[in-house]
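Chain by chain, the residues run as shown.
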Amino acid sequence: MTEPEYAEIEGRALLLYDGVCALCNGVVQFLLKHDRQERLRYAPLQSALGHEILGRFGIHSFPDGVMLLTDALRPQERLYQRSDAVAASLKLLAPPWRLLGRLVTLVPRPLREFGYGVIARLRYRIFGRYDTCPLPPLDQRRKLLGVYE
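Conventions used here
- Residues numbered from 1 in each chain as written.
- Predicted model: local features only at pLDDT ≥ 70, side-chain atom pairs only at ≥ 80, totals over all residues.
- Heavy atoms only, no water.
- Helix = DSSP H or I, 4+ residues; strand = E, 2+ residues; numbered from the N terminus.
- Contact = heavy atoms within 4.5 Å.
- Polar contact = N/O pair within 3.5 Å; in protein donor to acceptor, adjacent residues only side chain to side chain.
- Expected span 1.5 Å × (residues − 1).
- Buried < 20%, exposed > 50% of the residue type's maximum accessible area, 1.4 Å probe, protein only.
- Salt bridge = Lys/Arg side-chain N within 4 Å of Asp/Glu carboxyl O.

- Looking at an unreviewed UniProt entry, one finds the chain named Putative DCC family thiol-disulfide oxidoreductase YuxK, with Tunturiibacter lichenicola as its source organism.

Have a look at this one:
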């Protein structure tokens, strides 16, 4: 992790996502648009930063979904996975999205995980995939870490 990356994520939430997945990139664009308090930063799972963060939690294979690291690089940091990561990400946004995140957590985890798993398995077929991780617009690019032009 580089010093600028460290400074950008310390104490914030870092969303790790599949950088070539069109659905995942759409989720990142949604979060970028609605994160008015700039609580989130983003990094592709395929990036060196993504591998480093996952390795710190003992995850050495490519996960099939998003992960959210909250309170990054602090003793209380926590890694949310799959549907928990989606709900926790929404809770970081302003209303009404925060409420939606709370509602998602009311759905029993086995049911949430089943639905998440179906979408994760079909995401490339339904939404497509990119050859490389697309870059967000210039004004939002500083929030995307682990990708170098």
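So much for the structure itself; the text now carries on.
## What to know about the environment of Gln 46
- Checked against the element boundaries, Gln 46 lands in the loop between β2 (40–44) and α3 (48–56).
- Beyond its immediate chain neighbours, meaning those up to four positions away, Gln 46 contacts Tyr 17, Asp 18, Gly 19, Val 20, His 51 and Phe 62.
- Of note is the side chain of Gln 46, whose polar atom sits 2.9 Å from the backbone nitrogen of Gly 19.

## What about helix α2 (residues 22–34)?
- With 13 residues, α2 extends 19 Å from end C-alpha to end C-alpha; this agrees with the ideal 18 Å at 1.5 Å per step.
- Among the residues of α2, those classed as buried are Ala 22, Cys 24, Asn 25, Val 28, Leu 31, Leu 32 and His 34.
- Where α2 is buried, its residues touch β1 (13–17), β2, α4 (82–91), α5 (97–106) and α6 (109–127).

## Considerations on the environment of Arg 102
- Along the chain, the position of Arg 102 falls in helix α5.
- Arg 102 sits in the partly exposed class, given a relative accessible area of 48%.
- In this structure, the C-alpha to C-alpha distance between Arg 102 and Arg 74, residues 28 residues apart in sequence, is 24 Å.

## Digging into the pattern of salt bridges
- Inspection of every chain in the model, using the stated rule, returns six salt bridges.
- In this structure, the salt-bridge partner of Glu 113 is Arg 82, at a minimum N-O distance of 2.5 Å. Of this pair, Glu 113 sits in helix α6 while Arg 82 is found in helix α4, placing the two residues 31 residues apart along the sequence. In terms of burial, Glu 113 and Arg 82 fall into one category: buried.
- A single network of salt bridges, built from pairs that share partners, joins Asp 84, Arg 109 and Arg 112.

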